[in-house]
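# Remarks on the overall topology
The lines below spell out each chain.
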Amino acid sequence: MSDLHQTVTTGFQTRFDTEPTGLWSAPGRVNLIGEHTDYNDGFVFPFAIDRRTVVALGVRADRLVRVASSFAEETVELSLDDLTPENLEGWSAYPLGVAWALGQFGADLAAVAGFEVFIDSDVPIGAGLSSSAAIESAVAVALNDVWQLGLDRRVLARVGQLAENRAVGAPTGIMDQSASLLGRADAAVFLDCRSLAAEVIPLGFDAAGLELLIIDTRVSHAHSTGGYASRRASCEKGAQLMGVSSLRDLDVDDLARARDLLDDETFRRVRHVVTENQRVLDTVRTLREQGPTAIGALLDASHVSMRDDFEISVSELDLAVETARATGAIGARMTGGGFGGAAIALTPHALIPAVTAAVTAAFAARGFGTPDLFVVRAADGAAREQD
Ligand code: GAF
C-alpha cells in the first residue's frame with residue numbers, strides 16, 4: 001500500500017471509526033502551454049502529473065456529510081440539506097463544493113446518502129500545480145461512483161470548475177479539472193475549451209532524453225483575489241470592444257484592428273491570448289511532426305508574452321526561466337495563473353543537476369527565498385484505487 005493510501009485509510013478509520021467504501025485519487029497538473037486561454041474559449045495543452053490527492057470515502061446511512069484531511073485538525077460536518085456555496089469556507093469548500101455542484105449537474109441531493117471523506121495529497125499547495133483541482137476531481141469521481149450518477153469526465157470537470165467558481169470564489173476556467181480527469185501517462189491533453197473536445201497526445205519526452213523540471217518559486221498566489229480576476233475582466237472588455245463573444249474568435253490577423261481600437265493595456269492582454277492560442281496549435285503540430293526537442297522556442301515565446309503583454313510574471317519566475325535557459329534547458333516558461341507559483345523548464349536529462357544548482361544559486365544571489373526544483377512525469381488521470 002502506498003503512503004497516501006495508508007494515511008487516508010488510517011485517517012478515515014481514526015476520525016470516523018468505520019471503514020471507507022473505497023479509495024479514489026486524482027493528480028495535480030502542469031500546463032505545458034496555453035495560459036489564460038481557457039476562460040477565453042481557447043486552447044490549452046496541460047498534462048496530469050505524478051503527484052496525487054487520494055481520498056477515502058464512505059457512504060453513510062443518514063444525510064450527514066463529514067470531511068477531514070491530513071492538512072487540518074478539524075472535521076467539518078454539515079447536513080446535505082444545508083449544502084450551499086454560502087455555507088462553505090476554508091479548505092472544506094473544495095470537497096463540499098463538489099458535492100453541491102454535482103446537484104447542479106443532475107444529482108438529486110434530496111435523495112442521495114450522506115458521506116464521510118478523508119483527504120491526503122502530495123501535490124504541493126500554492127505551487128501552481130492545481131492541488132485544488134486534484135481535490136475536486138478525486139471527490140467528483142468518488143461521489144460519481146458511490147451516488148451512481150454516471151456523469152462523464154467532461155461533465156465532472158465542469159462540476160469541479162463550478163465548485164471552484166462558486167464555493168471557493170475563484171473565477172477560474174476549465175483547464176485544471178480537465179487535465180486532472182482526462183490525463184494519460186506520457187501524454188498531454190489538447191483541449192478545445194469551447195467545444196470541450198479533448199485529444200490525448202503522446203509527449204515523447206523519454207525517447208528524446210528530456211525531462212520537465214518544475215521550479216517552484218515558493219512565491220504564493222491565490223486566484224480568488226486580485227490579478228487573475230482583473231486579467232479575466234480585461235479579456236472580456238477586449239472581446240466586447242472587438243465585437244466578438246470571446247477572444248477565441250480573433251486570430252493574429254485581427255491584431256492590427258485591435259491595436260487601432262483598444263487602449264494599450266487591453267490591446268496587450270488581447271495580444272497575449274490571441275498569440276497564445278496560436279502557440280498551442282503550433283506546439284501540438286510541432287510535437288507531432290518534429291518531436292519535443294523542437295518546441296522550446298514556443299515555450300520561451302509564451303513566457304515573454306506573459307511577462308510583457310499579460311503582465312502576470314514576477315521577478316522570481318523571470319529569473320527561474322532565464323537561468324534555466326542559460327544553463328541548457330531547451331525552453332522555459334512560467335506555468336499556471338501567475339503572480340507566483342512555478343516555472344517549467346524542458347531540460348535534457350543529463351542537465352537536471354546543473355539547472356537545479358544554477359537556479360538555486362541565482363535565487364540566493366538575488367536574495368530570493370530558496371526555490372524547490374523537481375521533475376514531474378505525465379501520469380494517468382483520476383481513478384478508483386485498488387482496495
Ligand atoms: C489557473 C486557473 F485555474 C485555470 O483555469 C487557468 O486559467 C490558469 O490559471 C491560467 O492558464 O490555473
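Residues numbered from 1 in each chain as written. Predicted model: local features only at pLDDT ≥ 70, side-chain atom pairs only at ≥ 80, totals over all residues.

### Notes on the packing of helix α3 (residues 131-146) against helix α4 (residues 153-168)
Keep this limit in mind: Every angle, taken between N-to-C directions, lies between 0 and 180 degrees, and every axis is a line fitted to C-alpha atoms, over only the stretch in contact when it is a helix. The helix count covers DSSP runs of H or I at least four residues long, the strand count covers runs of E at least two residues long, and both are numbered beginning at the N terminus. Roughly parallel refers to an angle under 35 degrees, roughly antiparallel to one over 145, roughly perpendicular to one between 65 and 115, and oblique to any angle outside these ranges. For any helix crossing, the convention is left-handed if the near helix is rotated counterclockwise from the far helix by under a right angle, and right-handed if that rotation is clockwise. We call two residues in contact when their backbone-placed C-beta atoms lie within 7 Å. Residues were grouped as follows: Ala, Val, Leu, Ile, Met, Phe, Trp, Tyr, Cys and Pro as nonpolar; Asp, Glu, Lys and Arg as charged; and all remaining residues, including Gly, as polar.
One way to put it is that α3 packs onto α4 with a least axis distance of 9 Å and a crossing angle of 125 degrees. On the basis of the axis angle, α3 is oblique to α4. Crossing geometry of α3 relative to α4 is assigned as right-handed. Residue-level inspection shows S132, A133, E136, S137, A140, V141 and N144 of α3 in contact with α4, the latter providing L156, V159, G160, A163 and E164. When its residues are assigned to classes, the contact of α3 with α4 shows 6 nonpolar, 4 polar and 2 charged.

### Points about the site of the ligand
Where we set the bar: Here, nearness means that the C-beta atom of a residue, built from backbone geometry, sits within 6 Å of the molecule or strand in question. Boundaries of every domain are those given by an automatic assignment or by a domain database.
E35, T172, G173, M175 and G337 are the nearest of the 12 residues found near the ligand. Class assignment for the residues of the shell around the ligand results in 2 nonpolar, 7 polar and 3 charged. When residues of the shell around the ligand are assigned to domains, at least three fall in each of domain 1 (1-203) and domain 2 (207-376).

### Focus: the environment of M306
Here M306 lies in helix α9 (residues 296-309). Taking the C-alpha atoms as reference points, M306 and L247, separated by 59 residues in sequence, lie 16 Å from one another. Leaving out residues up to four positions away in the same chain, M306 has contacts with E35, H272, I312, S313, M334 and G338.

### Structural notes on the UniProt feature "active site" (unreviewed entry) in the protein chain
Rules: UniProt positions are given in the numbering used here, feature names are shortened, and annotations may be inferred rather than shown by experiment.
Mapped onto the present numbering, the UniProt feature "active site" (unreviewed entry) falls at D176. When near neighbours in sequence (up to four residues on either side) are disregarded, D176 contacts R29, S130 and A133.

### Here's the deal with the domain arrangement of the protein chain
Assigned domains of the protein chain: these are domain 1 (1-203) and domain 2 (207-376). Breaking the side of domain 1 that touches domain 2 down by element, the ones donating at least two residues are β1 (22-33) and β2 (43-59). No other element matches the 6 residues that β2 contributes to the side of domain 1 that touches domain 2. Of the residues assigned to the side of domain 1 that touches domain 2, the class counts are 16 nonpolar, 10 polar and 5 charged.

### Description of the environment of T335
In plain terms, the rule: Residue burial here comes from a neighbour count, namely the number of other C-beta atoms, placed from the backbone, that lie within 10 Å of the residue's own C-beta, with 20 or more meaning buried, 12 or fewer meaning exposed, and in between meaning partly exposed.
Along the chain, the position of T335 falls in the loop between β9 (331-334) and β10 (342-348). Residue T335 is classed as buried on the basis of its 28 C-beta neighbours within 10 Å. When residues no more than four places from it in sequence are discounted, the contact partners of T335 are V30, N31, G128, A342, A343 and I344.

### Notes on the environment of W100
Structurally, W100 is set in helix α2 (residues 93-104). Along the sequence, W100 and E265 sit 165 residues apart, while their C-alpha atoms lie 38 Å from each other. Sequence-distant contacts of W100, that is, excluding residues within four places in its chain, are made with L83, T84, P85, A163 and A167.

### Looking at the nonpolar core
In a soluble, globular protein the nonpolar side chains are often hidden away together inside. For clarity, the cut-off: Each nonpolar core comprises buried Ala, Val, Leu, Ile, Met, Phe, Trp, Tyr and Cys residues, the members being joined through C-beta atoms within 7 Å.
One finds V55, A138, I215, A343, I344 and A345 to be the most contacted residues of the largest nonpolar core, which totals 107 residues. Counting residues per element, this core draws most heavily on β2, at 10 residues. Each of domain 1 (1-203) and domain 2 (207-376) accounts for three or more of the residues forming this core. Contacts of I215, omitting those with residues within four sequence positions, involve A320, A324, A342, A343, A345, V359, P371 and L373. With 8 residues, the next largest nonpolar core counts C235, A239, L247 and V274 among its residues.

### Regarding the sheet that holds strand β8 (residues 210-216)
Just so we agree on the cut-off: When DSSP finds two or more bridges between two strands, those strands count as paired.
Pairing is antiparallel in the open sheet, where 4 strands are placed in the order β9-β10-β8-β11. Each end of this open sheet is capped by a strand with a single partner; those strands are β9 and β11 (372-376). Ignoring strand direction, the axes of neighbouring strands in this sheet form an average angle of 20 degrees. In the sheet, β8 pairs with β11 via 5 bridges, with the strands oriented antiparallel. Bridge assignment links D216 to a residue of β11, and that residue is D372. Contacts between helix α10 (residues 315-326) and the sheet are confined to β8, β9 and β10, with β9 contributing the most and set at about 175 degrees to the helix. Helix α11 (residues 352-366) contacts β8, β10 and β11 of the sheet and is inclined by roughly 15 degrees relative to β8.

### So, the pairing of strand β6 (residues 187-192)
On a regular strand, one side chain projects to one face of the sheet and the next to the other, so that they alternate. Pairing between β2 and β6: 2 bridges, direction antiparallel. Bridged to V44 within β6 is L191. The pairing of β6 with strand β7 (residues 198-202) spans 5 bridges and is classified as antiparallel. Bridging across to β7, A188 finds its partner in I201.

### As for the UniProt feature "binding site: ATP" (unreviewed entry) in the protein chain
This chain's UniProt record puts "binding site: ATP" (unreviewed entry) on S69, G126, A127, G128, L129, S130, S131 and S132. Apart from residues lying up to four places away in sequence, S69 is in contact with W91, F118, I119 and D120. By the secondary structure assignment, S132 is in helix α3. In contact with S132, other than residues within four places in its own chain, are Y94 and E164.

### What about α9?
Worth spelling out the cut-off: Expected span of a helix: the number of residues minus one, times 1.5 Å.
Helix length check: α9, at 14 residues, gives a terminal C-alpha distance of 20 Å against a target of 20 Å (1.5 Å per residue), a fit within 8%. Those residues of α9 that sit buried are G296, L298, L299, S302, H303, S305 and M306. Next to the buried residues of α9 lie β1, α8 (264-290), α10, β9 and β10. Looking one or two places after α9, you find E311, whose phi comes out positive at around 50 degrees.

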